[in-house]
Amino acid sequence: LQYNSVATMTTFKTVGTLLTCAIEIFYFKVTYSNRAKASLGLLALGSAVYAGTDVGFSPIGYFYASLQITSWVLQTFIEKVTIVDSEQTKAGITVIRNILSLPVVYALVVMSGEGKAMSKLMDRQEIWGQVLLSSLFGCGMGLATSALYKYFAPTTVVVANNAGKCITIYLGCVLFKDSLSTWQLIGLATSLTGGFFYGQEEKKRLSSSSNNKA
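Residues numbered from 1 in each chain as written. Predicted model: local features only at pLDDT ≥ 70, side-chain atom pairs only at ≥ 80, totals over all residues. Heavy atoms only, no water.

A. Region of the structure containing the pattern of salt bridges. Overall, the coordinates contain one salt bridge when judged by the stated rule. Glu201 is paired through a salt bridge with Lys204; the nearest N and O atoms lie 3.7 Å apart. One end of the pair is Glu201 and the other is Lys204, both in helix H8 (residues 182–213) and three residues apart, which spans about a single turn. A relative accessible area of 48% means that Lys204 is categorised as partly exposed. (Salt bridge = Lys/Arg side-chain N within 4 Å of Asp/Glu carboxyl O. Helix = DSSP H or I, 4+ residues; strand = E, 2+ residues; numbered from the N terminus. Buried < 20%, exposed > 50% of the residue type's maximum accessible area, 1.4 Å probe, protein only.)

Structure follows, in structure tokens:
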């Protein structure tokens, strides 16, 4: 976000969603209905409309955004395979994932020279509560993500993630008085509509799969 606008990152997230779906279709041979594909297209169209209002080109920003989305897509499939085959509970997986992330965080702190900033952070007791609250919500997200990967396809998880981002933007406007243009509102509404229709199609697919097993 230092180099890219929120709109640009929203667009990259949508590209990640479409890439995840493409990998499932061509590599894992997962079949999606035409309505599900149309819903993803609607989600992508909404993101494009939203981002078209204020996308700013930054070569460095696009490079980091590409790395982030590539890592995000790979993480999606790795976690899906790991969680489905794991005998660990959702809480256990979340704890292991957080512990494994600590060396990465430490390395990034050292590489970015933020060691002094960390010491100053410890002195600011007024924000400890905010950090604790953020950590609790982060653990909650980890538990929810583990549950989603256990029962749903990777594309479904990333579509839900995109819908959550759209809702977050709306809440940001309400809570922080941010203003959105008419086109941005239309884009967000279109993305949410696409996510809703995709969810309906996924519900039908899961229901049909359960009936076939029965």
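B. How the structure looks around the side chain of Thr155. Position of Thr155 relative to the elements: it lies in helix H7 (residues 154–176). Classification of Thr155 as buried rests on a relative accessible area of 0%. One polar contact links Thr155 to Glu24, side chain to side chain, over a distance of 2.3 Å. Setting aside anything within four residues of it in sequence, one finds Thr155 in contact with Thr20, Cys21, Glu24, Tyr32, Leu40 and Tyr198. (Polar contact = N/O pair within 3.5 Å; in protein donor to acceptor, adjacent residues only side chain to side chain. Contact = heavy atoms within 4.5 Å.)

C. Structural context of the layout of surface pockets. Its volume calculated, the second largest pocket comes out at about 290 Å³. Around the second largest pocket sit Leu67, Gln68, Ser71, Arg97, Leu100, Ser101, Val104, Val105 and Leu108, which together line it. Elements with a contribution of two residues or more to the lining of the second largest pocket: helix H3 (59–85) and helix H4 (90–112). For the lining of the second largest pocket, the leading source of residues is H4, giving six residues. Here the residues of the lining of the second largest pocket sort into five nonpolar, three polar and one charged. (1 Å grid on protein atoms, 1.4 Å probe; cavity = no way out; pocket = protein on both sides within 12 Å on 5 of 7 lines; lining within 4 Å. Points joined across faces, edges and corners; volume = space filled by probe spheres on them. Nonpolar A, V, L, I, M, F, W, Y, C, P; charged D, E, K, R; others polar.)

D. Quick peek at empty space enclosed by the protein. Within the structure shown, the criterion is met by one cavity of 30 Å³ or more. Put simply, the largest cavity is a space of about 40 Å³. Together, Thr10, Thr14, Leu43, Ser47, Asn162, Ala163, Cys166 and Ser191 line the largest cavity. Counting residues per element, the ones that place at least two in the lining of the largest cavity are helix H1 (6–26), helix H2 (34–51) and H7. Residue contributions to the lining of the largest cavity peak at three residues, all from H7. Here the lining of the largest cavity is built from residues that sort into three nonpolar, five polar and no charged.

E. Main features of H2. Compared with the 26 Å implied by 1.5 Å per residue over 18 residues, the 26 Å span of H2 between its first and last C-alpha is a close match. For H2, the set of buried residues is Ala36, Ser39, Leu40, Leu43, Ala44, Gly46, Ser47, Tyr50 and Ala51. Here the buried residues of H2 occupy an arc of 155 degrees about the axis, which is enough to place them on one side. Pointing more than 90 degrees away from the buried face of H2 are the exposed residues Asn34 and Arg35. (Expected span 1.5 Å × (residues − 1). Arc of directions from axis to C-beta.)

F. The packing of aromatic side chains, seen in detail. Within this structure, the stated rule accounts for three aromatic pairs. On the basis of an interplanar angle of 35 degrees and a centroid distance of 6.3 Å, the ring pair of Tyr32 and Tyr198 is categorised as tilted. Linking Tyr32 in the loop between H1 and H2 with Tyr198 in helix H8, this pair joins segments that are 166 residues apart in sequence. Tyr32 sits in the buried class, given a relative accessible area of 6%. On the basis of relative accessibility, which here comes to 2%, the residue Tyr198 falls in the buried class. (Phe/Tyr/Trp six-rings, centres within 6.5 Å; stacked < 30°, edge-to-face > 60°.)

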